[in-house]
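# Breakdown of the fold
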Amino acid sequence: MAREFDVDRRAYLKTVGAGGLALGIAGCMGNGGNGGGGVEVAFTIQTGEQYGLGVREDDSARLEAVNAGLQAVRDDGVYDSLIEEYFGSGEDAGDVTEGADGGTGAGTIVAGTAPGFAPFEFNNDEGQLVGFDVELTEAVVARTDYEFGGFETFEFNSLIPALRDGNIDLIAAAMTITEERDEQINFSNPYYEANQGVLVQSDGDFSPESREDLEGRVVGAQSGTTGEDEVDKLIEDGIIAEDNKRTYDNYELAVNDLESGNIDAVIIDVPVAENFAQR
C-alpha cells in the first residue's frame, strides 16, 4: 500500500500536536513551576524494553507472515531507511512498498494503533496518520501474502481488547513486550528497543537527575504503558505517594499538564520524550 502523504519529517516532528488538545485534566498543582514553557528530558531510566507487533493468540499464520515480513524489511534495507527518516536525518524513505510482491490471497490484515505517540504514530497537520510504525507496518504487510486493510485508531488501553475481539488483526503501536501482555496476545519478533525518559519543564526550577530526586513530586504517564509501570515502581519504592500519580488517555494530555505546571514530571519512552522536547 503506497503512502498517501509526502511531508518534511524534520518539520512535522517539531509541529506534532501544534493544534494541541483541550485541557480537561483536573488535579492538584505540582511543584514544577509556573507553566507556559517547553519540556526537556531530565534523565533516562534504563529499562531495555522491546517493541513488538501483536497478533491474536490463535493466529499463527499471521504471526509467521509478520515475522517473515519484518525480516524481509530488514534484509532489503527499508528498515534502516525508516530509522534514518524518523530518528536520523529525516530523509524520506520513499515508497516502502515498492518492489514488494505480497498480497496473493492469504487474506487481509487490518492494523490498530494509538495516535499521539510521535514519531511512532500520530496525526500530522493535515490529519493524516503517519509515523515509523505506520510505514513499517505497510512495508511488512506488503512483503507477506496478505492485503493491507489500513489502520483503525484506538486509545492505547483499548488495543488488546480490540485485537482479541477480532476488530483488528494486528497491533502496531510501539507496544512493549511484557509477560502480562504476552499472556493475552502473541508478539512478533522485536523491532525496536527503548528506555524510559523523565520529562520536566525546561523553564522550571525542578531538575531531577535520578528516580530518588522525584521524591514527593507529582508524576504522570499514559494509562496502560510501561511509563505507568515506572510510576507504579516509584510508589512501590516509597519515592512518591499513590496520590501523586496521574494517568492520562494519551501523552499529549500528560505533557500539556506538565507544561501547565499541574504535575512535576512525565515518564515516557525516550524517543517520544525527545520528540516532545524538540517541538
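The notes below deal with the structure included here. Everything numeric here is computed off the predicted structure, so don't read it as measured data.

Thresholds applied
Chains are numbered independently. Their residues run from 1 in the order of the written sequence. Local features in this predicted model are restricted to residues of pLDDT 70 or higher, and side-chain atom pairs are both shown and tallied only at a pLDDT of 80 or more, whereas totals for entire chains, interfaces and linings draw on every residue. Note that water and hydrogens are dropped before the side-chain values are worked out from all heavy atoms of the structure. Secondary structure is summarised from DSSP: a helix means a run of H or I of at least four residues, a strand means a run of E of at least two, and numbering begins at the N terminus for each. Classification of residues uses two cut-offs on accessible area relative to the type maximum, computed with a 1.4 Å probe and protein chains only: under 20% is buried, over 50% is exposed, and between them is partly exposed. We call two residues contacting when some pair of their heavy atoms lies within 4.5 Å. Expected span of a helix: the number of residues minus one, times 1.5 Å. To obtain the arc, one takes the directions from the helix axis to the C-beta atoms. Between N-to-C directions, angles span 0 to 180 degrees; the directions come from axes that are lines fitted to C-alpha atoms, helices contributing only their stretch in contact. Each angle is binned into one of four classes, with values under 35 degrees roughly parallel, values over 145 roughly antiparallel, values of 65 to 115 roughly perpendicular, and all other values oblique. The hand of a helix crossing depends on one turn: near helix anticlockwise from the far one by less than a right angle means left-handed, and clockwise means right-handed. Each residue receives one of three labels: charged for Asp, Glu, Lys and Arg, nonpolar for Ala, Val, Leu, Ile, Met, Phe, Trp, Tyr, Cys and Pro, and polar for the others, Gly being one of them. Any two strands with at least two DSSP bridges between them are considered paired. Just to be clear on terms, a salt bridge is a Lys or Arg side-chain nitrogen sitting within 4 Å of an Asp or Glu carboxyl oxygen. For this analysis, a ring pair means two rings from Phe, Tyr or Trp (six-membered ring only for Trp) whose centres lie within 6.5 Å, classed as stacked if their planes differ by under 30 degrees, edge-to-face if by over 60, and tilted for the remaining angles. Only lysine NZ and arginine CZ atoms are considered, and such an atom sits over a ring when it is within 6 Å of the ring centre and within 35 degrees of the ring normal.

## Looking at the overall build of the protein
The helix and strand inventory of the protein stands at nine helices and twelve strands. Out of the 279 residues in the protein, the part that is buried amounts to 53%. Long-range contacts, defined here as pairs at least 24 residues apart, represent 79% of the contacts in the protein between residues at least 6 apart.

## Structural notes on helix 2 (residues 60–75)
Taking 1.5 Å per residue, 16 residues should reach 22 Å; helix 2 reaches 22 Å between its end C-alpha atoms and fits that length. Glycine 77 occupies a position one or two residues after helix 2 and carries a positive phi of about 90°.

## Considering helix 3 (residues 78–87)
Buried residues of helix 3: Val78, Tyr79, Leu82, Glu85 and Tyr86, and no others. The buried side chains of helix 3 occupy one side of the element, clustering within an arc of 120° when seen end-on.

## Some details on the packing of helix 3 against helix 4 (residues 132–142)
The N-to-C vectors of helix 3 and helix 4 enclose an angle of 165°; their axes lie 10 Å apart at closest approach. In this view, helix 3 runs roughly antiparallel relative to helix 4, as classed from their interaxial angle. The handedness of the crossing between helix 3 and helix 4 comes out as right-handed. In contact with Val78, Tyr79, Leu82, Ile83, Glu85, Tyr86 and Phe87 of helix 3, helix 4 contributes Phe132, Glu135, Leu136 and Ala139. When the residues that make up the contact of helix 3 with helix 4 are grouped by side-chain class, the tally is nine nonpolar, no polar and two charged.

## Regarding the sheet that holds strand 10 (residues 219–222)
By definition, the strands of a sheet pair up through backbone hydrogen bonds, in either a parallel or an antiparallel sense. Sheet architecture is open: five strands sit in the order 1-9-12-10-11, paired in mixed fashion. The outermost strands of the open sheet, each flanked by one partner alone, are strand 1 (39–51) and strand 11 (245–248). If you compare each strand with its neighbour and ignore which way they point, the axes differ by 25° on average. As judged from the two bridges shared by strand 10 and strand 12 (residues 265–269), these two strands associate in the parallel manner. Looking at the pairing, glycine 220 lines up with valine 266 of strand 12. Helix 8 (residues 251–259) contacts strand 1, strand 9 (192–201), strand 10, strand 11 and strand 12 of the sheet and is inclined by roughly 150° relative to strand 12. Against the sheet, helix 9 (residues 270–278) engages strand 1, strand 9 and strand 12, with an angle of about 125° to strand 12.

## A look at the pattern of salt bridges
Summed over the entire model, instances satisfying the criterion amount to twelve salt bridges. As a salt-bridge pair, arginine 217 and aspartate 264 come within 3.8 Å of each other at their nearest N and O atoms. Of this pair, arginine 217 sits in the loop between strand 9 and strand 10 while aspartate 264 sits in the loop between helix 8 and strand 12, and the two are 47 residues apart along the sequence. Across this residue pair, the class does not change: arginine 217 and aspartate 264 are buried. Within the structure, one salt-bridge network assembled from shared partners comprises Arg56, Asp59, Arg62 and Asp169.

## Description of the packing of aromatic side chains
Overall, the coordinates contain 15 aromatic pairs when judged by the stated rule. Ring geometry for tyrosine 86 against phenylalanine 132: centres 6.2 Å apart, planes inclined by 85°, an arrangement best described as edge-to-face. Highlighted residues: tyrosine 86 in helix 3 and phenylalanine 132 in helix 4, separated in sequence by 46 residues. A residue is classified by how much of its surface remains accessible, and tyrosine 86, at 4% relative accessible area, is buried. A connected cluster of aromatic rings, assembled from ring pairs, spans Tyr51, Tyr79, Tyr86, Phe87, Phe117, Phe120, Phe132, Tyr191, Tyr192 and Tyr251. We note arginine 74 situated over the ring of tyrosine 79; from NZ or CZ to the ring centre the distance is 4.2 Å. Positioned over the ring face of phenylalanine 206 is arginine 217, at 3.9 Å from the centre of the ring.

Limitation: the analysis is restricted to geometry and does not speak to function.
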